[in-house]
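# Analysis of the macromolecular model
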Amino acid sequence: MNLAAATNESLANASNTLIYSSMAVYTLAFFAHIAEWVLGSRSKVGRTAAALKKDSAAGAPAVTVKVAQQGGTAVLDRPTIVTRSAAGTRDVPDGPGAAGGTFKGDLWGRIAVSLTVVAFAVQAGGVVARAMSVQRAPWGNMYEFSITFSTVVVGAYLILLALKKNVRWIGLMLVTTVLLDLGIATTTLYTDSDQLVPALHSYWLWIHVSTAIICGAVFYLGAVGTLLYLFRDSYENKIANGGTPGKFATSVLERLPAAKSLDTFSYRINAAVFPLWTFTIIAGAIWAGDAWGRYWGWDPKEVWSFITWVAYAAYLHARATAGWKGRKAAYLALIAFGCWLFNYYGVNIFVTGKHSYAGV
Amino acid sequence: MSNLNTTDERDLGQAGEQLSTAPREESAASVPAMGVIGWARWFWRQLTSMRVALILLFLLSLGAIPGSLIPQNSVDELKVQTFKEAHTTVTPVYEALQFFDIYSSVWFSAIYILLFISLIGCIVPRTGQFIGQLRGRPPGAPRKLTRLPAYTTWRTEAAPEEVRAAALTVLRKRRFRSHEVGDAVAAEKGYLRETGNLMFHIALIVMLIAFACGQLFKSEGGKLVVEGDGFANTITQYDDFKSGSLFDTDDLTPFSFDLEDFVGTYERSGPQRGTARTYEARVTYAEGADGEEKKKVIEVNKPLVVDGTKVYLNAHGYAPVISVKDGKGKEVYRTAVPLLPIDNNVTSTGAIKVMDGYKDADGKKSQLGFQAFFVPTFAGDGKGTMFSQYPGLDYPVLALNGYYGSLGVDSGLPQNVYQLDTSKMKEFKDSNGDQLKKRLRPGETMKLPDGAGSITFESVEEWASFQIARQPAAGWALTGAVAAIVGLAGSLFIQRRRVWVRAVRGADGVTVVEMAGLGRSDSAKLPEELGGLALALNTMAPTAPGPEPEPGQPSEEPAEGAEK
Ligand code: HEM
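For clarity, every value in this text was computed on a predicted model and none was experimentally measured. Residue indices follow the written sequence of each chain, beginning from 1 at its first position. Working convention: letters from A go to chains and numbers from 1 go to ligands, in the order in which they are written. With pLDDT at 70 or above as the cut-off, local features in this predicted model cover only qualifying residues; side-chain atom pairs require 80 or more to be listed or tallied, and sums for whole chains, interfaces and linings still use all residues. Side-chain calculation: all heavy atoms of the structure are included, whereas hydrogens and water are not.

### With respect to the overall build of chain A
Secondary structure elements follow DSSP: runs of H or I no shorter than four residues count as helices, runs of E no shorter than two count as strands, and numbering proceeds from the N terminus. When you go through chain A residue by residue, the secondary structure sums to 10 helices and 2 strands. The order of α-helices and β-strands along chain A, N terminus first, is α-α-β-β-α-α-α-α-α-α-α-α. Note on classification: 1.4 Å probe, protein chains only; a residue is buried when its accessible area is under 20% of the maximum for its type, exposed when over 50%, partly exposed between these limits. Sorting the 360 residues of chain A into buried and exposed places 57% on the buried side. Contacts are assigned to residue pairs that have any heavy atoms within 4.5 Å of one another. Expressed as a percentage of contacts within chain A between residues at least 6 apart in sequence, the contacts between residues at least 24 apart total 81%. For every accessible area listed, the method is Shrake-Rupley and the probe measures 1.4 Å; residues are considered covered only by the protein chains on display. With the model as given, the accessible surface of chain A reaches about 14,700 Å², and the carbon-plus-sulfur share is 69%.

If you want it as structure tokens, here you go:
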């Protein structure tokens, strides 16, 4: 074995060690998030109920006042912008987040986020080491695809956090899925660094697969938002109709953002990636045209990309169609994400086609 | 995201109208007026409604699913055949439902044709409406600006006319289309959103038509070529050939090529061992019937293109050169026999069929068949199995076992050249009465028992298989695709919004300025933008000292007063 090969081997081993280490750190982050939620449950906020009760009593949507901070000029009486939300939607304030406004909960939440940052760095190192060991893009089989995928999901989440978006409520769910994803990747899906079939030797591999991974990662965040929206929405409905949700549900759902914010969050996310997903499919078609002599051949992977695309298009249409907004659109969004997931796991595992180089 | 989810439509009047060209939803229950025309109109309205578009989209994705689970003729006919044999009960049902040709089936076509009629029926009126909106001007201010999603107000000593003139300047500088209507300035921005949306939907139609042309006129076929052999583009030369229903054999581009050499080199060691480093088919080709000869290297993602027809390198394998002598020692067979790879290291299998000219020890006509296993790199002498260790030609070994009798090629059924039908053949036995098998190195010979002749593994050639495809209108499909993405981005990232600025003299002689903004969705950007506009206008029409109008408390008096 020559020297280069030896370095490759050791890089591959280093990559595995890094991935395992990141799992350890993610586990710590998981417990820190649990602590955050548990400690946060001691706060007594009850803002949703208050807002909804007041709402139904007054019979008119509340008005929120926001001051537009524009520049630092010396104008003393800056015009104040009054905003008013859509008619027919509930005006409920966002929950305080997992920490429930408690100091200790918040501390643990911050610890969890810091641990997530560390785990992300370690995991990203693992992905890079893997890429260097195989001297190609680190997404030639499902193991590599999975580790890259969860790295990108966490990266997207951290970027949203850095942009000061209100997304910390995703933390626990995210870390849990990442652990699950890595667990499956390192056990059942693991493949030694290996060769690629010649069809994959193309710069389209970088373009097409990387955008596919980014789309999946961001669609995932959207799907979590949608799922929580459905829970939070039934919770708000129940209260608005005079019901009393269970204690646990109250404690958890109370701390999430308002249904409307969750809905907007997932819509923005899904709408923002939809063009990228369209691009991914088209890039795939161009590549297929180069590699196989036809740009579209109804191969199972192509079929499911198409189904996913149509499902998301249906979701976007539903949002624009009066009777389909809200919960119905949300179900469509979940179905669409389900299609994406099936395309990722299901097609690689259960269906054989030209794309079946997954190495499972 | 919708027409007017932002405010009570009552309060807005026409101000919020036409902020999009999305069709209004009609309830499905509305029963049409009697008569054929009534029904036709009702049907058309249903078909072009958003709800039906939604349902058709849903059906389209649902209908595509079985095609990914059931083998398709368009993808792999052999697999379909195997499936039919294995599932005799469901096959008639599947055949009736055209489940083996879903993407060209009547029902699948019906879904997407309806969808595209719906799409055209949707685009045409929307385009007209949008052009109308472009020609017209933003509608005047609603009476109660306080009802809009973003609102601000202040008092100023500037005269109302001055404020409106200043507002026009501010808005126009930010590329709002604005004009004065009555006591207010009306402005609108973000028309590109609608343009993008229409462009996206039109691009979908372009893509569909291009795709349909591609399917109807396409031709594609495969050809396996051993080094030294060639191919000319006529139907008879193909190993397998498929074409669209409007394809005509005259559409085949005339050209020919010879495979001079296949070069495959592979990574020697490390985790990437066996990965192809070079993988090239070196050909000489000629365009037309007698064009000049040119050289070209075809690689996996780099096809040879001749006048719209592309020649792709699909696969590669080995073709051991085999010679067979009959009982009299006469050479009756000498061919490079292509074998099919079954793994990444090119372990290959296949069949050697000696059909004509062979006579057995007794001088009787017979046929020979051999099952062949080939590895380019054997694990090593004496040990190892017939599984290749490496895709390169390091230590080739060919394992053979033989049969004699009838190959069954005359039965009329098409035969797989890589498989041996041994139903009418007998095994050659060795001296122990076991089946005769041998592993051969190049140059070695296996003697057949009882003077039946011999078979020699002479040398190894390589083969490459090519896919020769022509798909017209691919350029159009690509253009449509790019336009679709651009349009989609415009449609999803640009917000169409309106701003109104009303300036009227209040009861105490001081001007009251009111500004309000309306978008199609309540986004945080709208109030922000309004804040920026207000600030710009505020510097030109500064706040007057004195009581500030209560935000949130609708200052309706000035607005109503203006009408007196
Ligand atoms: C081939 C199937 C179709 C696909 C893939 C498709 C896709 C899309 C997508 C992704 C959007 C989102 C863009 C946005 O929200 O602005 C959209 C919007 C829209 N589509 Fe389609 N569409 C299809 C067919 C149709 C049909 C048949 C109609 C008419 C009945 C239609 C009417 C609209 C309208 C009015 C909007 C804009 C909604 C709005 O203004 O918010 N589409 N379409």
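After presenting the structure, the write-up continues.
### Some thoughts on the site of the ligand
Any residue with at least one heavy atom within 4 Å of a molecule or strand is counted as near it. Around the ligand, 29 residues are found, and the nearest of them are His317(A), Cys122(B), His201(B), Ser491(B) and Arg520(B). The environment around the ligand is built from residues contributed by chains A and B. Any pair of N or O atoms that falls within 3.5 Å is considered a polar contact. Within protein, one atom must be able to donate a hydrogen and the other to accept it, and sequence-neighbouring residues count only if both atoms are side-chain atoms. One of the side-chain N or O atoms of His317(A) is found 2.4 Å from a nitrogen atom in the ligand. The side chain of Arg193(B) places a nitrogen or oxygen atom 3.2 Å from an oxygen atom of the ligand. Secondary-structure elements contributing two or more residues to the shell around the ligand are helix 9 (300-320) of chain A together with helix 3 (50-69), helix 6 (106-135), helix 8 (191-217) and helix 9 (474-493) of chain B. Among the elements that line the shell around the ligand, the one with the most residues is helix 6 of chain B, at 6 residues. In the scheme used here, Gly and all other residues not listed as nonpolar or charged are polar, with Ala, Val, Leu, Ile, Met, Phe, Trp, Tyr, Cys and Pro taken as nonpolar and Asp, Glu, Lys and Arg as charged. Here the residues of the shell around the ligand sort into 19 nonpolar, 7 polar and 3 charged.

### Remarks on the pairing of strand 9 (residues 293-299) of chain B
Residue and element names in this part refer to chain B. DSSP bridges decide pairing: two strands pair if at least two such bridges lie between them. Here 7 bridges tie strand 8 (residues 276-287) to strand 9, and the two strands are oriented antiparallel to one another. Within strand 9, the residue paired with Ala286 across the bridge is Glu293. The antiparallel hairpin formed by strand 8 and strand 9 contains 5 residues in its connecting segment, where Gly288 sits at a positive phi of about 70°.

### Structural notes on the environment of Gly264(B)
Looking at where Gly264(B) falls in the secondary structure, it is placed in strand 7 (residues 255-266). Sequence separation of Gly264(B) and Gly392(B) is 128 residues, and the distance between their C-alpha atoms is 7.3 Å.

### Observations concerning the pairing of strand 21 (residues 497-505) of chain B
Each regular strand carries side chains that alternate between the two faces of the sheet. With 8 of 9 residues buried, strand 21 of chain B is to be regarded as a mostly interior element. The antiparallel hairpin formed by strand 21 of chain B and strand 22 (residues 511-519) of chain B contains 5 residues in its connecting segment, where Gly509(B) sits at a positive phi of about 85°.

### A look at the confidence of the model for chain A
As a per-residue measure, pLDDT tells how confident the predictor is, with possible values from 0 to 100. Summary statistics for chain A give a mean pLDDT of 80 and a share of 80% for residues scoring 70 or more. Scored below 50 in pLDDT, residues 356-360 of chain A shows 12 contacts in the model against residues more than four places distant or in partner chains.

### Overview of the packing of aromatic side chains
Pairing of aromatic side chains requires ring centres within 6.5 Å, counting the rings of Phe and Tyr and the six-membered ring of Trp. Pairs whose planes differ by under 30 degrees are stacked, by over 60 edge-to-face, and all others tilted. In this structure the tally under the stated criterion is 39 aromatic pairs over all chains. Ring geometry for Trp304(A) against Phe342(A): centres 4.4 Å apart, planes inclined by 55°, an arrangement best described as tilted. Of this pair, Trp304(A) sits in helix 9 while Phe342(A) sits in helix 10 (residues 327-350); the two residues are 38 residues apart in sequence, bridging distant segments of the chain. The exposure class of Phe342(A) is partly exposed, given its relative accessible area of 26%. Judged by centre distance (6.2 Å) and plane angle (90°), the ring pair of Phe374(B) and Phe457(B) falls under edge-to-face. Remark: Phe457(B) occurs in strand 20 (residues 453-470) and Phe374(B) occurs in strand 15 (residues 367-375); sequence separation between them is 83 residues. In this structure, Phe374(B) and Phe457(B) share a single accessibility class: buried.

### Some words on the nonpolar core
Residues and elements named next belong to chain A. Nine residue types can take part in a nonpolar core, namely buried Ala, Val, Leu, Ile, Met, Phe, Trp, Tyr and Cys, and a core is a set of them joined through side-chain atoms within 4.5 Å. By size, the foremost hydrophobic cluster in this structure holds 129 residues, and its most contacted members are Leu174 and Leu221. Broken down by element, the residue count for this core peaks at 18 residues, all from helix 6 (residues 203-240). Residue contacts for Leu221: discarding those within four places in its chain leaves Val153, Ala156, Tyr157, Leu160, Ile170, Leu174, Phe265 and Ile269.

### Description of the sheet that holds strand 8 of chain B
Residue and element names in this part refer to chain B. Across the sheet, which stays open at both edges, the 4 strands sit in the order 5-7-8-9 with antiparallel pairing between neighbours. Every interior strand has two partners, whereas the edge strands, strand 5 (230-232) and strand 9, have only one. The mean angle between the axes of side-by-side strands here comes to 25°, regardless of whether they run parallel or antiparallel. Pairing of strand 5 with strand 7 involves 3 bridges; the strand directions are antiparallel. In the sheet register, Phe231 faces strand 7, and the bridge partner there is Phe257. Working convention: axes come from line fits to C-alpha atoms, limited for helices to the stretch in contact. Angles between N-to-C directions cover 0 to 180 degrees.

### Concerning the coordination of the iron atom of the ligand
In ideal tetrahedral geometry, four donors around a metal make angles of 109.5 degrees, whereas ideal octahedral geometry with six donors gives angles of 90 or 180 degrees. Note on donors: an N, O or S atom is included if it sits within 2.8 Å of the metal, or within 3.2 Å for Na, K and Ca, and water is never included, so sites can look incomplete. Taken together, His317(A) (NE2) and His201(B) (NE2) make up the full set of protein donors to the iron atom of the ligand, lying 1.9 to 2.0 Å away. A four-donor site is classed as tetrahedral when every donor-metal-donor angle falls between 85 and 135 degrees; four donors are called square planar, and six octahedral, when trans pairs exceed 155 degrees and all remaining angles lie between 65 and 115, with any other arrangement labelled irregular. For the iron atom of the ligand, the 6 donor atoms in the first shell make angles of 75 to 179° at the metal, a pattern classed as octahedral. Highlighted residues: His317(A) in helix 9 and His201(B) in helix 8, drawn from two different chains. Neither residue differs from the other here; His317(A) and His201(B) are each classed as buried.

### Looking at the packing of helix 3 (residues 103-134) of chain A against helix 4 (residues 142-162) of chain A
Residues and elements named next belong to chain A. In contact at an axis separation of 10 Å, helix 3 and helix 4 are set at 140° when each is read in the N-to-C sense. The handedness of the crossing between helix 3 and helix 4 comes out as left-handed. Taking contact as the criterion, the partners of Val113, Thr116, Val117, Phe120, Gln123, Ala124, Val127, Arg130 and Val134 in helix 3 are, on helix 4, Tyr143, Glu144, Ile147, Thr148, Ser150, Thr151, Val154, Gly155, Tyr157, Leu158 and Leu161. Looking at side-chain class alone, the contact of helix 3 with helix 4 contains 12 nonpolar, 6 polar and 2 charged residues. Throughout, a crossing is termed right-handed when the near helix is turned clockwise from the far one, and left-handed when it is turned anticlockwise from it by less than a right angle.

### A look at the pattern of salt bridges
All names here are of chain A. Within this document, salt bridges are pairs made up of a side-chain nitrogen of Lys or Arg and a carboxyl oxygen of Asp or Glu, the two lying within 4 Å of each other. For the structure on display, the rule yields 24 salt bridges over all chains. Between Arg168 and Glu36 there is a salt bridge; the shortest N-O distance is 2.9 Å. Taken together, the residues Arg168 in the loop between helix 4 and helix 5 (171-187) and Glu36 in helix 1 (residues 3-40) connect sequence positions 132 residues apart. The class of Arg168 is partly exposed, set by a relative accessible area of 22%. As a salt-bridge pair, Glu144 and Arg130 come within 2.8 Å of each other at their nearest N and O atoms. Highlighted residues: Glu144 in helix 4 and Arg130 in helix 3, separated in sequence by 14 residues.

### Things to note about the environment of Val113(A)
Residue and element names in this part refer to chain A. Tracing the backbone shows Val113 in helix 3. A C-alpha to C-alpha distance of 43 Å links Val113 and Trp296, two positions 183 residues apart in sequence. When near neighbours in sequence (up to four residues on either side) are disregarded, Val113 contacts Tyr157, Leu161 and Arg168.

### Description of a negative patch on the surface
Residue and element names in this part refer to chain B. Within the patch definition used here, like charges are joined within 9 Å and nonpolar side chains (Val, Leu, Ile, Met, Phe, Trp, Tyr) within 5 Å, considering only residues with over 30% relative accessible area and no salt bridge. We treat Lys and Arg as the positive residues and Asp and Glu as the negative residues; His and chain ends play no part in the count. Working definition for charges: the position is that of NZ of Lys, CZ of Arg, CG of Asp or CD of Glu. On the surface, Asp229, Asp258, Glu260, Asp261 and Glu293 cluster together into a patch of negative charge. A per-element tally of the negative patch places strand 7 first, with 3 residues. Tracing the sequence through the fold places Asp258 in strand 7. Among the residues examined, Asp258 registers a relative accessible area of 31% and is labelled partly exposed.

### Considering unusual backbone geometry
One non-glycine residue, Trp298(A), adopts positive backbone phi at about 55°. Among the secondary structure elements, Trp298(A) is positioned in the loop between helix 8 (259-292) and helix 9. Of note, Asp307(B) is a non-glycine position whose phi angle comes to about 50°, a positive value. Among the structural elements, Asp307(B) can be located in the loop between strand 10 (304-306) and strand 11 (309-325). For Asp307(B), a relative accessible area of 63% corresponds to the exposed category.

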